[in-house]
Each structure stands twice: as C-alpha cells, then as structure tokens.
Amino acid sequence: VEGEPIAPAEEITRVPSAPKRSLRVNILKIRNLPEESSTTFNYKFVLGEQVSEEEGESQDNAFTGTYEMPEDAVKGTENVYNFESLHVLPPIDGSILKIFISKPFEINIEGLSSPGKVSVPLTELVWRRKPTFDDPDEDEFLDEYPGAAIYGWYKVSRVSAEGDEPDPAFPADAEVYLKLTLTERLAGDEELQALNLITFRVESMHNLPRAWHLQDGETNDTHLYSYELSYELPGVPGPIVIPDGEILP
C-alpha cells in the first residue's frame, strides 16, 4: 500500500455492522490541492451482471457512492470528507474472486482543473497481509479479525482524453486517504492456495516511436498519450486488455 499510515483525527459516524459479508468504504480526506479547492467524488464498482426478474434485462451488479462538499465546508489545500458506506457483497464465486484480484477500486475526483482518478488494488483484501506495528490500533488489523483491510494515501491521477492539452494547473501531488474493509474474507487459505494464477509482467519495451517517450520538461500527468497492453492466453477468451499504462523514464 502506498503512502504512510496515519490515524485521522476527525471523527466519523460508523455505519452499523452488517450480518452479511460486506465491503466498508471509508474515504476520509484529500490533500495537496490548490488554494481554495472544493472537491467531490464518486465511485462505481461493478461485480458482474444480474438479470432483472421483472423485465428480464441484464444490468450491472454494482455498488456506488457519491459525495458533495457541504456549502459551509472549509475550502483549501485539504478537503475533509469523512465518508463511509457499507456495501453488501453477492455470494462469492470464482468470478467475484477474479474481479477483486484483477480489478482496482476506482474513485473519480471532480472539482479540480481536470478530472482526477484514484486507483486502489484490492489483492490484499483477498490474500490478507500480516499485520505490522505501523497499522492503526483498530480491530480490523488484529490477527483474529475475520475479514481484511487496506489503507493509506493514494495518488490522484489526471484523467485525460486523446488530444487533450497538458494541464499544468492539475495538482500532481494530490492524494486521497482511504480505508477499505471486508467484514469477512472472500475465501479461506486452502481455497486461495488452490487457485491457478499467472503473473504477467512486462519489464521493458524497445525501439518505441519517439512520440511515445517523455519529452524535455514533460511528466506522465502532462503526456498527451495513454497506453494499454493487450495479450492472449490459451484457453482464455480474449484478448486481455490492461488499460491506463504509463511510460516510465
């Protein structure tokens, strides 16, 4: 998890515990903004499709959240959200596990000079990491807790479309502090050990067009191009596409 852990001083209102396996979303604050900033956010995490019994139509099986700053909220280089929402998960099967392993939780940030996005990998909610001394003094980080949690500061990346001009006003150091908590693990250790997993890694690429390289004074946030990787595996309907790639200097 990126970023140093903190124990936010602000109090938040707890959503009551749910009897079913749930994902608790806490989005607490955003920092390193321009002066007098006022931001909002929203998210939508899709867990597949479900069929409406009444109309027979398929629709997203998803949970969503949104936040608007109150009119009397303090504007500035830091915005405090103290947002919490509890989402009940559907029955866990292989497709749900695959989504948590391969799909990040994304938050859209609005109110900046360009749209922003926070992307949070969820693998440590599936394979729970060992607690450390730096973890918050909370039940979710004890060995006996039945679920799992991840937390920290996560970078806000600029969302740009093809052909967009660079946006020097976008706060390149903006970060959101959040915590995601499963009230119960998605699968036990024996089930996870039985999974067949392939790790695909691209270490480097050569002889790329000059325009693909970062030019003098250019950063990934101001670069005009976006990149995605596409590949196929035997027996897997494809191609498999990995979006939002970056060229590293």
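Residues numbered from 1 in each chain as written. Predicted model: local features only at pLDDT ≥ 70, side-chain atom pairs only at ≥ 80, totals over all residues. Heavy atoms only, no water.

1. Remarks on the overall build of the protein
Formally: Put simply, DSSP marks the helices as runs of H or I at least four residues long and the strands as runs of E at least two long, and each gets a number from the N terminus on. Here the term buried applies to any residue with accessible area under 20% of the maximum for its type, exposed to any over 50%, and partly exposed to those in between, with areas from a 1.4 Å probe on protein chains only. Contact between two residues is taken to exist if any of their heavy atoms lie within 4.5 Å; hydrogens are not considered. Each accessible area value is a Shrake-Rupley result obtained with a 1.4 Å probe; residue values ignore everything except the protein chains displayed when judging cover.
What the protein contains, in helices and strands, is three helices and eleven strands. Start at the N end of the protein and walk to the C end: the helices and strands fall as β-β-β-β-α-β-β-α-β-β-β-α-β-β. Across the 249 residues of the protein, 36% fall into the buried class. Taking the contacts inside the protein whose residues are at least 6 apart along the sequence as the reference set, 67% of them involve residues at least 24 apart. Element-wise, carbon and sulfur atoms account for 49% of the exposed surface of the protein, whose accessible area totals about 15,700 Å².

2. A short note on the pairing of strand 1 (residues 22-31)
Rules: Strands are labelled as partners when DSSP assigns at least two bridges between them.
Counting buried positions along strand 1 yields ten of ten residues, so the element is predominantly enclosed. Examined bridge by bridge, strand 1 and strand 4 (residues 79-88) share eight bridges and lie antiparallel to one another. Looking at strand 4, one finds that L23 is bridged to H87. Looking at chain direction, strand 1 and strand 9 (residues 175-182) are connected through eight bridges and run antiparallel.

3. Observations concerning the packing of aromatic side chains
The condition is simple: Pairs were defined over the aromatic rings of Phe, Tyr and Trp, the Trp ring being its six-membered one, requiring ring centres within 6.5 Å. Orientation was assigned from the angle between planes: stacked under 30 degrees, edge-to-face over 60, tilted for the rest.
Scanning the entire structure with this criterion turns up eleven aromatic pairs. Centre to centre, the rings of F41 and F83 are 5.2 Å apart; their planes meet at 90°, and the pair counts as edge-to-face. Taken together, the residues span a long stretch of sequence, with F41 in strand 2 (residues 40-51) and F83 in strand 4 at a distance of 42 residues. Their ring planes at 65° and their centres at 5.1 Å tell us that Y67 and Y81 sit as a pair that is edge-to-face. Residue Y67 is found in strand 3 (residues 58-67), and its partner Y81 is found in strand 4; the two are separated by 14 residues along the sequence. Y81 shares its class with Y67; the two are buried. Taken together, the ring pairs in this structure connect F41, Y43, F45, F63, Y67, Y81, F83, F100 and F105 into an aromatic cluster.

4. Here's the deal with unusual backbone geometry
Positive phi is not limited to glycine here, since E36 has a value of about 60°. As for its position among the elements, E36 is in the loop between strand 1 and strand 2. Although it is not a glycine, N82 sits at a positive phi angle of roughly 50°. With respect to the secondary-structure elements, N82 resides in strand 4.

5. Section: the pattern of salt bridges
As a reminder of what qualifies: Between Lys or Arg on one side and Asp or Glu on the other, a salt bridge is scored when a side-chain nitrogen of the former is within 4 Å of a carboxyl oxygen of the latter.
In this structure the tally under the stated criterion is seven salt bridges. With a closest N to O distance of 3.0 Å, R24 and E84 form a salt bridge. Of this pair, R24 sits in strand 1 while E84 sits in strand 4, placing them 60 residues apart in sequence. Taking relative accessible area as the criterion, R24 reaches 7% and is therefore assigned buried. When its relative accessible area of 12% is taken as the criterion, E84 is described as buried.

6. Concerning empty space enclosed by the protein
Put simply, the rule reads: Definitions used throughout: a 1 Å grid over protein atoms alone; a cavity as a set of points that fits a 1.4 Å probe which cannot get out; a pocket as an open set with protein on both sides within 12 Å along at least five of seven lines; a lining residue as one with an atom within 4 Å of a point. Grid points are joined across faces, edges and corners, and a volume is the space filled by probe spheres set on the points. Charged residues are taken to be Asp, Glu, Lys and Arg, nonpolar residues to be Ala, Val, Leu, Ile, Met, Phe, Trp, Tyr, Cys and Pro, and polar residues to be all remaining types, Gly included.
If you walk through the whole model with that rule in mind, you get one cavity of 30 Å³ or more. E124, R128, R129, P131, D135, E140, F141, A148 and A149 together form the lining of the largest cavity. The residue makeup of the lining of the largest cavity, split by class, is four nonpolar, no polar and five charged.

7. Some points on the nonpolar core
Going by this rule: Nonpolar core, defined: a set of buried Ala, Val, Leu, Ile, Met, Phe, Trp, Tyr and Cys residues in which side-chain atoms within 4.5 Å join the residues together.
Among the nonpolar cores identified, the biggest contains 41 residues, and I27, F100, F105 and L180 are the most heavily contacted of them. Residues contacting I27, with those up to four places away along its chain left out, are F41, Y43, Y81, N82, F83, I107, V176, Y177 and L178. The next biggest cluster of nonpolar side chains, apart from the first, holds six residues, and it includes L28, A149, W153 and Y177.

8. Describing helix 1 (residues 94-102)
To keep it simple, the criterion reads: The reported arc concerns the directions from the helix axis to the C-beta atoms and nothing else.
Every buried residue of helix 1 is listed here: I96, L97, I99 and F100. Take helix 1 and look down its axis: the buried residues cluster within an arc of 160°, on one side only. The exposed set on the far side of helix 1, more than 90 degrees from its buried face, consists of G94, K98 and S102.

Interpretation in functional terms is not warranted from these geometric data alone.
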